[in-house]
Amino acid sequence: MAPSRSSSAQIFAPKRFLLLLGAGVLVLNLFVILMAWVSLHKGLRTHLDQAAATAQNLARVLDDSVGGTFGKADLALQAVQEEAERALADPARAGAALDAFIGRQQARVPEVKALRVTNAQGVVVRGLGAGMATPVNLSDRAHFLRLRNDPHAGLVISKPLVGRLTGTWVIVLARRIERPDHSFAGMAQAVIELDQFSRTFSALDVGPRGSVALRDLDLELIARHPEPVSAGTAIGQRIVSPEFEAFARSGHRAGTYRALTPFDHVRRTFAIRRVEGQPFYVVVGLADQDVLAEWRQDLAQEVLEVVLFTCLTLAASWLLHRVWVRQQAAHARLEALLAEVKTLGGMLPICSHCKKIRDDKGYWNQLEAYLNEHTDAEFTHGICPDCAREVFPRRSAT
């Protein structure tokens with residue numbers, strides 16, 4: 001009996017197999033992609049955490065360095081202030097003797113460019129270094145005015161300014177000098193060049209795109225490496241990221257954040273610290289391009305491996321599908337052949353006299369005609385010896 005149309009269609013339309021195969025390949029590839037994403041995300045966090053730790057360590061070093069510089073400068077400044085006040089009471093300590101004392105103090109603090117003393121009118125009268133031969137009046141400087149007007153001002157640190165004696169960008173530490181009656185007699189000042197901070201910052205290994213900056217509590221720039229624009233022109237600018245402003249408002253002394261630098265639009269991991277005992281922030285930034293260079297190589301390798309794995313699984317599933325379809329086709333052909341063979345099985349009605357066979361429609365057919373229709377056999381006619389003797393008796397006798 002021939003196979004039915006529905007059975008044949010089911011064999012050659014393997015929808016269930018294709019769905020299972022596609023689902024299996026999809027789940028496998030999604031699992032591999034998920035594992036790759038987890039690995040890359042973990043690696044990204046590790047690199048960023050390492051960058052934050054490195055930036056924090058560098059910021060701590062700068063905190064100590066900057067704090068130490070200003071601390072030593074203030075110690076020398078207090079010594080000069082006290083000696084100048086003694087000179088007001090004892091003229092023997094004035095003049096060359098005070099200059100010599102100032103020279104000894106300055107030699108102990110090489111970070112200080114100059115130690116100088118002014119009178120009550122703001123004119124520089126004592127000190128060593130270039131420009132001393134020309135009288136310079138500092139009475140219009142903000143730090144001088146504050147010291148003159150506020151007896152309790154203590155240490156006053158100026159904004160960055162161009163020194164009238166040095167001609168370079170400097171920051172000034174100043175203290176009030178008083179007469180024995182506590183009236184204003186002038187000021188003692190220590191001058192620190194901003195280039196010194198730039199040199200210190202450039203010695204730190206923050207990568208090709210890293211940055212180091214020193215800002216005051218008003219967030220104004222004092223020194224930065226590298227310079228964002230032409231030398232010196234960025235000093236005093238207050239262009240900071242929203243994350244920096246949020247940190248300044250928080251009142252914390254140290255912290256980390258990631259932000260896009262307004263100067264050069266480079267995303268960095270920043271560590272920020274309030275300098276101990278001083279009105280400054282030190283900020284160290286490590287650029288993502290430097291920090292994540294190795295991670296980006298891992299990313300490219302992971303993506304390549306995932307793409308290759310996906311291609312291999314798709315190719316393997318396609319080959320498996322082809323083999324399965326061929327097997328199904330061969331199985332179908334075998335089933336068809338077996339079905340044809342089975343049509344001759346069972347009991348066949350045959351005439352005991354003429355040997356005709358009755359088909360399933362009730363017709364009697366010659367044996368050779370029935371077999372020719374239901375099999376691939378072909379017939380040629382001959383005569384057996386027994387029939388030959390019966391049909392041709394004479395020929396058999398001879």
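Up top is the structure these notes are about.
Overview of the pattern of salt bridges
The final tally for this structure, using the stated rule, is 17 salt bridges. Between Asp-264 and Arg-224 there is a salt bridge; the shortest N-O distance is 3.8 Å. With Asp-264 in the loop between strand E9 (254-260) and strand E10 (267-274) and Arg-224 in strand E8 (residues 221-225), this residue pair connects regions lying 40 residues apart in the sequence. Residue Asp-264 is classed as partly exposed on the basis of its relative accessible area, which comes to 32%. Residue Arg-238 pairs with Glu-245 through a salt bridge whose shortest N-O separation is 3.8 Å. Residues joined in a network through salt bridges with shared partners are Lys-159, Asp-216, Asp-218 and Glu-220.

Considerations on the pairing of strand E2 (residues 124-127)
As paired strands, strand E1 (residues 114-118) and E2 are joined by three bridges and run antiparallel to one another. Note on E2: the bridge partner recorded for Val-117 is Arg-126. Remark: five residues form the turn of the hairpin made by E1 and E2, two consecutive strands paired antiparallel; Gly-122 in that turn has positive phi of roughly 90°.

Some words on the sheet that holds strand E11 (residues 280-287)
Taking strand neighbours across the sheet as the criterion, the five strands line up as E8-E7-E11-E10-E9 in an open arrangement whose pairing is antiparallel. One side of each edge strand has no neighbouring strand; the edge strands of this open sheet are E8 and E9. Across the sheet, the mean angle from the axis of one strand to that of its neighbour is 20°, orientation sign disregarded. The pairing of E10 with E11 spans seven bridges and is antiparallel. Bridge pairing in E11 links Arg-268 to Ala-287. Across the sheet, helix H5 (residues 194-202) is in contact with strand E7 (211-216) and E8; its angle to E8 comes to roughly 35°. The sheet contacts of helix H6 (residues 242-250) involve E7, E9, E10 and E11, and relative to E9 the element is tilted by about 160°.

Some thoughts on the packing of aromatic side chains
As enumerated under the stated definition, the model contains six aromatic pairs in all. Aromatic side chains Phe-144 and Phe-184 sit 5.4 Å apart centroid to centroid with 75° between the ring planes, which places their arrangement in the edge-to-face category. Placement of the pair is Phe-144 in helix H4 (residues 142-149) and Phe-184 in strand E6 (residues 184-193), with a sequence separation of 40 residues. Judged by relative accessible area, Phe-144 falls into the buried class, the value being 0%. Here the aromatic rings of Phe-247 and Tyr-281 are separated by 6.2 Å at their centres, their planes lie at 70°, and the arrangement is edge-to-face. You can see Phe-247 sitting in helix H6 and its partner Tyr-281 sitting in strand E11, a full 34 residues away along the chain. Residue Phe-247 is classed as buried on the basis of its relative accessible area of 8%.

Section: the nonpolar core
Side chains that are nonpolar tend, in soluble globular proteins, to be buried together. Phe-70, Leu-115, Ile-171, Phe-197, Leu-214 and Val-284 are the most contacted members of the largest nonpolar core, which has 48 residues in total. Looking at which element gives the most residues to this core, the answer is helix H2 (residues 15-89), with 15 residues. Among the nonpolar cores identified, the runner-up in size contains 17 residues, and Val-124, Val-136, Leu-138 and Val-170 belong to it.

Topic: unusual backbone geometry
The omega angle of the peptide bond from His-225 to Pro-226 is -5°, so this bond is cis rather than trans. Relative to the helices and strands, Pro-226 is located in the loop between E8 and H6. One non-glycine residue, His-182, adopts positive backbone phi at about 70°. Its location among the elements puts His-182 in the loop between strand E5 (169-178) and E6. Unlike most non-glycine residues, Leu-219 shows phi in positive territory, near 70°. Structurally, the position occupied by Leu-219 is in the loop between E7 and E8. Taking the relative accessible area as the measure of exposure, Leu-219 reaches 3% and is therefore buried.

Criteria and thresholds
- Residues numbered from 1 in each chain as written.
- Predicted model: local features only at pLDDT ≥ 70, side-chain atom pairs only at ≥ 80, totals over all residues.
- Heavy atoms only, no water.
- Salt bridge = Lys/Arg side-chain N within 4 Å of Asp/Glu carboxyl O.
- Helix = DSSP H or I, 4+ residues; strand = E, 2+ residues; numbered from the N terminus.
- Buried < 20%, exposed > 50% of the residue type's maximum accessible area, 1.4 Å probe, protein only.
- Pairing = 2+ DSSP bridges.
- Axes fitted to C-alpha atoms, helices over the stretch in contact; angles between N-to-C directions.
- Contact = heavy atoms within 4.5 Å.
- Phe/Tyr/Trp six-rings, centres within 6.5 Å; stacked < 30°, edge-to-face > 60°.
- Core = buried A, V, L, I, M, F, W, Y, C linked by side-chain atoms within 4.5 Å.

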